[in-house]
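Residue-level structure breakdown
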There are 2 protein chains.
Amino acid sequence: MTELSPLPFGATIGILGGGQLGRMLSVAAARLGYRTHIFEPGANPPAADVTHRVTTAPYEDEAALRAFAASVDVITYEFENIPTSALDLLETLRPIRPNRRALAVSQERMAEKDFLTGLGLATAPYASVKSSADLEAALARIGTPAILKTARLGYDGKGQERIMAPADAPAALAAMEGQPAVLEGFIDFSHEVSVIAARGLDGSVAAYDPGENVHEGGILRTTTIPARLSPAQRTDAVLLAARILNALDYVGVMGVELFVTPQGLIVNEIAPRVHNSGHWTQNGCAVDQFEQHIRAVAGWPLGDGSRHSDVVMENLIGDDIDRIRALSREGHVAIHLYGKAEARPGRKMGHVNRVKSRP
Amino acid sequence: MTELSPLPFGATIGILGGGQLGRMLSVAAARLGYRTHIFEPGANPPAADVTHRVTTAPYEDEAALRAFAASVDVITYEFENIPTSALDLLETLRPIRPNRRALAVSQERMAEKDFLTGLGLATAPYASVKSSADLEAALARIGTPAILKTARLGYDGKGQERIMAPADAPAALAAMEGQPAVLEGFIDFSHEVSVIAARGLDGSVAAYDPGENVHEGGILRTTTIPARLSPAQRTDAVLLAARILNALDYVGVMGVELFVTPQGLIVNEIAPRVHNSGHWTQNGCAVDQFEQHIRAVAGWPLGDGSRHSDVVMENLIGDDIDRIRALSREGHVAIHLYGKAEARPGRKMGHVNRVKSRP
């Protein structure tokens, strides 16, 4: 293992993206004695309320990117859709953690599936679709129901079309608007779990207890810890995540979504960042996923992610924010709002963690 | 009870003082969807790393105070030694919570003792000392050992002189440098506990489980939860704190330090703010003292402060910061650093909470 040499106290961690994940990363960085500098194209991002410094500029602004890099010691990110040109420039100036390969793999669905199956991990059956002929051939092999997704990553269920029968194919392809796509077979799964795993600069790996996810309309609704998993499944899930992190020489926290099936665990997707399904760690562990990520990125040893309490995390989406007054009167509820001014439908406004002492 | 009408999301809470308490209050305010504006005379205060806005100006700068007040919806503070002139101006512009009476009582030791004894609470025997004749008379009544303290509040044991025998009196009085002082008799106590209590805008009161404090050199070293108290003592401690809050029509969190003696609980001192001995709540409760204070100040219902885990809080003072690398490898340790650049002797650099699941 590499000897760790942590960033000195007072160093600055640059974060690409100023959403709620950047906001919670910034607070965690402060707890470890670091400052953060947020780079975000949009005005008044959630992270701006809790950071030392914000740059408001598009990812195409080379001068702003250079000034940002010059002011920070290391760069991380809160989302994976960062334009390649920005990364090409930034990586010549400062270390980017997690690394480019993790980003490349997770930005393109075909690359991700090929990477995962190359590691011997199970995924849904998949095929590249660039034309109606491709789609016809893919449907012949994979069958229906299936789901057509844009090859470049979408977010929260965007850019996805279900194909329940071959007759749905033309409309689904049209919805891709000419973008390359991937056809994925449906998986007959009993439930979805996710592993929030971390790998340090020294190569050590740690994982939180898997959580069980419930989605609504393509958006995560709740994560419950512990997930319904046998001890063997739990071990499989964690080892599988570790294999992914090691293969990528990864540094930071990753979210790995898994389908639980009678035939074993199937990887749904990976996210090279802190993950919504890991928010429960804020109230269930001494070291949460945000701090774990900052520890990795800053060259600290990974922290103790053992679970002291059971937790149910619930996202507050759109008008759910109106429930806050009632939630604020409930016991054992920890509130985490994101400071977003406007509650649009489908917008994540915050989350609550319902905490239960472990028996 | 008053019907609560919470500050709207996105409102700004002004905080006087930018130290570690302001820093942790700011993070809690963000979690509830508020922004903070820190007013602090010193450059680069700890709170600046996690706030929306900072004003760097002395408390005598009337224009800066006016601009600060105009930009915030309510004002609170992280320390009690705020110059009266600044408060006189600010209170004409925005609500100050906790109120002026709480500040006035806690800024002057005689006022505090008179207030507490007026409520029927026990304190150490005390006497006002403005001259050597006063001191002689006070020593004749109270006896030795005793402790002479400046009448205006000091901090972390500053401005305090022990008088072990009458011969020590002249030196102790000289150390007051002409300031009015208070002589306090020694209390024969077995240990010190503190109650972190809160009172909402609607008059409701909540209290955390009392913690047991150990000081070194006049500075808090550790707080252990639960404290060694009988059930009856625990009830007494909490009711006593509630009596203080109600008498002051208090809004916010208060720290009440108590000596445990065979004759009952004796009030050592009160602090009209979040308190170092309440830092354990960050990792022991769904709602910590910082959020509880913001809830009160912002007109929310008080939160659930029940304890899900036992905690030992340890302050990292001066060179203790060098222990961070070792501490970061320990299990069940939550780290909270304050982002202070220089580790001077006696300076609080951070704290750790050692978390233990409750059996």
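The structure under discussion appears in the preceding block.
So, here's what we can say about the structure. Small disclaimer: the values here were computed from a predicted structure and weren't measured. (Residues numbered from 1 in each chain as written. Chains lettered and ligands numbered in written order. Predicted model: local features only at pLDDT ≥ 70, side-chain atom pairs only at ≥ 80, totals over all residues. Heavy atoms only, no water.)

Okay, the interface of chain B and chain A next. With 46 residues of chain B in contact, the opposing surface of chain A contributes 46 residues. Together chain B and chain A conceal approximately 3,600 Å² of surface at their shared face, both sides included; 53% is due to carbon and sulfur atoms. The largest per-residue losses of area from chain B upon contact with chain A belong to R31, D49 and H308 of chain B, which jointly make up 14% of the total buried on that side. Counting across the interface, chain B meets chain A through 2 salt bridges. D49 of chain A serves as the salt-bridge partner of R35 of chain B, at 3.2 Å between the closest nitrogen and oxygen. Going through the elements one at a time, α1 (20-31), α10 (289-297), α11 (324-327), β16 (333-337) and β17 (348-357) of chain B are the ones with two or more residues in the side of chain B that touches chain A. Considering each element in turn, the side of chain B that touches chain A owes the most residues, 5 residues, to β16 of chain B. The residue makeup of the side of chain B that touches chain A, split by class, is 20 nonpolar, 14 polar and 12 charged. (Contact = heavy atoms within 4.5 Å. Buried area = accessible area lost by both parts, 1.4 Å probe. Salt bridge = Lys/Arg side-chain N within 4 Å of Asp/Glu carboxyl O. Helix = DSSP H or I, 4+ residues; strand = E, 2+ residues; numbered from the N terminus. Nonpolar A, V, L, I, M, F, W, Y, C, P; charged D, E, K, R; others polar.)

Here we come to the sheet that holds strand β1 (residues 12-16) of chain B. What holds strands together in a sheet is hydrogen bonding between their backbones, with the strands either parallel or antiparallel. All names here are of chain B. One open sheet holds the 4 strands; their spatial order is β3-β2-β1-β4, and the pairing between them is parallel. The strands lining the two open edges of the sheet, one partner per strand, are β3 (53-56) and β4 (74-77). Across the sheet, the mean angle from the axis of one strand to that of its neighbour is 25°, orientation sign disregarded. Pairing of β1 with β4 involves 4 bridges; the strand directions are parallel. Paired with I13 across the bridge in β4 is V74. This element, α1, spans β1, β2 (35-40) and β4 of the sheet and lies at about 170° to β1. (Pairing = 2+ DSSP bridges. Axes fitted to C-alpha atoms, helices over the stretch in contact; angles between N-to-C directions.)

Just distances and angles here, no functional claims.
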